[in-house]
Amino acid sequence: MTPADLADLLKTTATTVLSEHGLDTSALPETVTVERPRNPDHGDYATNLALQVGKKVGANPRELAGWLAAALAEHPGISAADVAGPGFVNLRLDAAAQNVLVSDVLAAGATYGHSDELKGCNINLEFVSANPTGPIHIGGTRWAAVGDALGRVLSSQGAAVTREYYFNDHGAQIDRFVNSLIAAAKGEPTPEDGYAGDYIADIAAQVLAKEPGALDLPDEQQRETFRAIGVDLMFDHIKKSLHDFGTDFDVYTHEDSMHTSGRVAEAIERLRAAGSIYDKDGAVWLRTTDYGDDKDRVVIKSDGMPAYIAGDIAYYLDKRQRGFDLCIYMLGADHHGYIARLKAVAAALGEDPDTVEVLIGQMVNLVRNGQPVRMSKRAGTVITLDDLVEAIGVDAARYALIRSSVDTSIDIDLELWSSATNENPVYYVQYAHARLCALARNAADLGVTPDTSNLQLLTHEKEGTLIRNLGEFPRVLKTAATLREPHRVSRYLEDLAGDYHRFYDSCRVLPQGDEEATDLHRARLALCQATRQVIANGLGILGVSAPERM
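Small disclaimer: the values here were computed from a predicted structure and weren't measured. (Residues numbered from 1 in each chain as written. Predicted model: local features only at pLDDT ≥ 70, side-chain atom pairs only at ≥ 80, totals over all residues. Heavy atoms only, no water.)

Draft legend 1. Focus on the overall build of the chain. In terms of helices and strands, the chain carries 19 helices and 14 strands. Dimensions of the chain, computed from C-alpha atoms along their principal axes, come out at roughly 85 × 65 × 40 Å. Residues counted as buried form 51% of the 550 residues belonging to the chain. For the chain, the proportion of contacts with a sequence separation of at least 24, taken over those separated by at least 6, is 70%. Only carbon and sulfur atoms are counted for the fraction: they give 47% of the accessible area of the chain, which is about 24100 Å². (Helix = DSSP H or I, 4+ residues; strand = E, 2+ residues; numbered from the N terminus. Buried < 20%, exposed > 50% of the residue type's maximum accessible area, 1.4 Å probe, protein only. Contact = heavy atoms within 4.5 Å. Areas by Shrake-Rupley, 256 points an atom, 1.4 Å probe, with all protein chains shown as cover.)

Rendered as structure tokens:
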């Protein structure tokens, strides 16, 4: 019996109990929650349902809890149901009912934990979207890991997810990039507002290799040559770095295309027709304050040039026209103002503001020998994705960046995350998987095969704890998707790995010496196989490898 099965049973039982006592069943919540008590002495699961609805239906919560406990105790899958405190119900599952989870995991395999909760929801997930003026910095790298993991989480719940990268290749930053390339090609110092780092010299040299006479061209033609080739080379580097990091995108959209295709003009015309645009001081303004923003925004500046928000408006409209129900933007720590701004844009266009969701990620700091690492060997001024991967590897980098809520800043200790010790969280989880794979190989050598026909034999306390944690995985994925918090999967895997290690230390899985394999050995081996599957599924959600040997 999974926690979801137990929640359904509780809802059905509560409906019956309330009806029998002439009480209003509409007071029951749509979804009933059951939780694992922190103290295992209190039972396998607990619910506060009686406290939630008791006063609403005119019943004493503790008395209602007693009615529920009595009814639940009659169910064949429940071995005991007791009332605690002011109205909690503590439940113990029958061993056979609990242990069927092992069979459920093995039957579902790689899809265990998945659901159709978000089926029919078409989601555009935009993340990283770094300017093509340099390598991806460490903040963008956090989104590369978290965004990809969030896409996997949402997909696991049935959503159709399109990962999109928005190249900001329009505006002043590209001009500064081009100026920096030309200066490097000429052997001149970096312009005061330009980009520094060895990568600029490398790209400038590649431009000259492709167009040896680029510096002899007239100024405008020279700038266009360095812009076209240089930006493409930077794009190629960014895409390769992301691919090597395990993050790929379905769609690459160029900001410049919003302007050259007429989409910006189309969006402004639609806003004018809606009465959301006005002219003032020679500029064109959007009435975003009518929709919750802190001030109105200039869309077209007084010099006739589009402001940055013009591209944002056209881009959002373009996403909606492509059929996306939800547009998730994953932005950096300095973009808090975009939350109200983008929702206001949606409302001004006549769309539902809830079709926009903005997630803000906080800063990432690298630490080595207790000291912050501030300078990149390649980029010169910032730490990059490539720097982090070189220091600790892809798996550790992804796991370290995903493991904490994006609402918090994180320090990544390079010594810790590159160590092969249990203090390293990714090593701890991967080692559990590798240990389980080794156990399976040893079992095969002994001719012992997993068997689920005698799972009722799994009655040890550590077995029960491990099985109940396997049952939590679907709920963890559902919550991670609902709250947009893939870090919950990391923390779950660490708890599961700990439960497995404690189980293994207490329960002998394979026969020793001349001992004959028993039904208990085979049942425990099935439990180990299920545990390995769930760890592999969880690591897959994070985009982290599940090694068979370490």
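Draft legend 2. Inspection of the sheet that holds strand β9 (residues 297–300) at higher detail. Pairing is antiparallel in the open sheet, where 3 strands are placed in the order β7-β8-β9. This sheet does not close on itself; its edge strands, each paired only once, are β7 (277–280) and β9. Strand-to-strand twist across the sheet, computed as the mean angle between neighbouring axes with direction ignored, equals 45°. Sheet analysis places strand β8 (residues 283–286) next to β9, joined by 3 bridges and oriented antiparallel. For leucine 286, the partnering residue across the bridge sits in β9 and is arginine 297. (Pairing = 2+ DSSP bridges. Axes fitted to C-alpha atoms, helices over the stretch in contact; angles between N-to-C directions.)

Draft legend 3. Focus on the pairing of strand β11 (residues 356–360). Most of β11 sits out of view: 4 of its 5 residues are buried. Of the strand pairs in this sheet, strand β10 (residues 326–331) and β11 are connected by 5 bridges, and their pairing is parallel. Along β11, the bridge assignment pairs methionine 330 with leucine 359. Tracing the backbone out of β10, into helix α12 (residues 337–348) and back to the parallel element β11 gives a crossover that is right-handed. (Right-handed = clockwise from strand over helix to strand, strands pointing away.)

Draft legend 4. Seen up close, unusual backbone geometry. Backbone geometry places valine 128, a non-glycine residue, at a positive phi of 70°. Here valine 128 shows up in the loop between β4 (122–126) and α5 (138–156). At aspartate 281, a position not held by glycine, the phi torsion is positive, near 55°. One can find aspartate 281 in the loop between β7 and β8.

Draft legend 5. Looking closely at the domain arrangement of the chain. We note that the domain assignment places domain 1 (3–93), domain 2 (100–115 + 422–542) and domain 3 (172–234) within the chain. Placing a centre on the C-alpha atoms of domain 1 and another on those of domain 2 gives a separation of 29 Å. Facing 6 residues of domain 1, the contacting portion of domain 2 comprises 7 residues. Together, the buried faces of domain 1 and domain 2 total about 660 Å²; carbon and sulfur atoms form 43% of this surface. On the domain 1 side of the interface with domain 2, the three residues burying the most area are Pro3, Arg36 and Asp44, jointly 66% of the side's total. Linking domain 1 with domain 2 are 1 salt bridge. (Domains from an automatic or database assignment. Buried area = accessible area lost by both parts, 1.4 Å probe. Salt bridge = Lys/Arg side-chain N within 4 Å of Asp/Glu carboxyl O.)

Draft legend 6. Inspection of the packing of aromatic side chains at higher detail. Enumeration over the complete set of coordinates arrives at 15 aromatic pairs. Ring centres 5.9 Å apart and planes at 15° place the aromatic pair phenylalanine 167 and tyrosine 252 in the stacked group. In this pair, phenylalanine 167 sits in strand β5 (residues 160–167) while tyrosine 252 sits in strand β6 (residues 251–254), placing the two residues 85 residues apart along the sequence. According to the relative accessible area criterion, phenylalanine 167 is buried, its value standing at 0%. Taken together, the ring pairs in this structure connect Phe127, Tyr165, Phe167, Phe235, Phe249 and Tyr252 into an aromatic cluster. Over the aromatic face of tryptophan 285 sits the side chain of lysine 280, whose NZ or CZ is 5.6 Å from the ring centroid. Over the face of the ring belonging to phenylalanine 245 we find arginine 398, whose NZ or CZ atom lies 5.5 Å from the ring centre. (Phe/Tyr/Trp six-rings, centres within 6.5 Å; stacked < 30°, edge-to-face > 60°. Lys NZ or Arg CZ within 6 Å of the ring centre and 35° of its normal.)

Draft legend 7. Highlighting the packing of helix α17 (residues 461–483) against helix α18 (residues 487–506). Two numbers describe how α17 lies on α18: the axes approach to 10 Å, and their chain directions differ by 175°. Between α17 and α18, the crossing angle belongs to the class labelled roughly antiparallel. Grouping the constituent residues of the contact of α17 with α18 by class yields 12 nonpolar, 4 polar and 7 charged. (Parallel < 35°, antiparallel > 145°, perpendicular 65-115°, else oblique. Nonpolar A, V, L, I, M, F, W, Y, C, P; charged D, E, K, R; others polar.)

Draft legend 8. Spotlight on the UniProt feature "domain: Arginyl tRNA synthetase N-terminal" (unreviewed entry) in the chain. The positions UniProt marks with the feature "domain: Arginyl tRNA synthetase N-terminal" (unreviewed entry) are residues 4–93. Counting secondary structure, residues 4–93 comes out at 43% helix and 18% strand; the distance between its end C-alpha atoms is 14 Å. (UniProt positions renumbered as here; feature names shortened; annotations may be inferred.)

Draft legend 9. Here's a closer look at the state of the cysteines. In total, this model carries 0 disulfides according to the counting rule given. Between cysteine 121, a free cysteine, and cysteine 327, which holds the nearest cysteine sulfur, the sulfur-to-sulfur gap is 10 Å. Left unpaired, cysteine 437 is separated from the closest cysteine sulfur, that of cysteine 528, by 11 Å. (Disulfide = S-S within 2.5 Å.)

Draft legend 10. Here's a closer look at the side chain of aspartate 312. Tracing the sequence through the fold places aspartate 312 in helix α11 (residues 308–321). For the buried aspartate 312, no salt bridge exists, and the shortest N-O distance to an oppositely charged side chain is 5.6 Å, to arginine 341. (Lys, Arg positive; Asp, Glu negative; His and termini not counted.)

Draft legend 11. The arrangement of helix α1 (residues 3–20) in detail. Taking 1.5 Å per residue as the helical rise, α1 with its 18 residues ought to reach 26 Å, and the 25 Å between its terminal C-alpha atoms agrees with that figure. The complete set of buried residues in α1 reads Pro3, Leu6, Ala7, Leu9, Leu10, Thr13, Ala14, Val17 and Leu18. Taken down its axis, α1 places every buried residue within 160° of arc, on the same side. On its buried face, α1 sits against β1 (45–47), α2 (49–57), α3 (61–73), β2 (78–84), β3 (88–93) and α17. Backbone geometry just after α1 places glycine 22 at a positive phi near 65°. (Expected span 1.5 Å × (residues − 1). Arc of directions from axis to C-beta.)

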